[in-house]
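Tertiary structure, described
Next come the chains, spelled out residue by residue.
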Amino acid sequence: MKGKCCLVLGAGGASRAVVWSLVDAGAAGVTIVNRSQDRARALAAAMAAVARPWEERDDAVAEADLVVNTTSLGMEGQAPLAVDLSGLPGDAVVTDLVYTPLETALLAAARARGNRVVDGLGMLLHQARPGFAAWFGVEPAVDADLRAAVLGSEP
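First, a word on scope: everything that follows refers to the structure included in this document.

Calculation notes
- Residues numbered from 1 in each chain as written.
- Predicted model: local features only at pLDDT ≥ 70, side-chain atom pairs only at ≥ 80, totals over all residues.
- Heavy atoms only, no water.
- Pairing = 2+ DSSP bridges.
- Helix = DSSP H or I, 4+ residues; strand = E, 2+ residues; numbered from the N terminus.
- Axes fitted to C-alpha atoms, helices over the stretch in contact; angles between N-to-C directions.
- Contact = heavy atoms within 4.5 Å.

Another aspect to go through is the sheet that holds strand E4 (residues 66–69). As a general point, the strands of a sheet are linked pairwise by backbone hydrogen bonds and lie either parallel or antiparallel. Read from one edge of the open sheet, 6 strands run E3-E2-E1-E4-E5-E6, paired in parallel fashion. Whereas interior strands pair on both sides, the edge strands pair on one side only; in this sheet they are strand E3 (50–53) and strand E6 (116–118). Strand-to-strand twist of the sheet, defined as the mean angle between neighbouring strand axes without regard to direction, takes the value 20°. As judged from the 4 bridges shared by strand E1 (residues 5–9) and E4, these two strands associate in the parallel manner. Paired with Leu7 across the bridge in E4 is Val67. Strand contacts of helix H2 (residues 37–47): strand E2 (29–34) and E3, with the helix running at about 170° to E3, the strand carrying the most contacts.

The subject of this paragraph is the environment of Val23. One can find Val23 in helix H1 (residues 13–24). C-alpha separation for the pair Val23 and Asp145, spaced 122 residues apart in sequence, amounts to 31 Å. With near-sequence residues (within four places) excluded, Val23 lies in contact with Val30, Met47 and Ala48.

What follows is the structure, encoded as structure tokens:
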């Protein structure tokens, strides 16, 4: 994401990894928006990012080349993620770390607008690699075949 403006929704453990990765990859700017402003500020201060209030999330979306949802909002059994994508640039990418459901309302709305979307299954599979290797002595390749196997479909 070198040179891109990135928006991270959430300020928990997953968002810390995402923000660090984006800053490390040379993002032009990383904005963190979280329901708890104190947590957003603390993470932003630790990671050379900017914190904005939750109430400004729709404005932040309009400035983003990448939007990453790291919250549990939108996950099965959780409250929906209320975010307005109408200002989102047409070439922006939207990703959601949630993988149940695989296509969240956020991803469906972005896809319907024509934005590129990335679901959370890749994160889950990459997280599982070290544990699988520890148990079985083999590190699996995270590829289309593994994704298909997890989804119970053909590649």
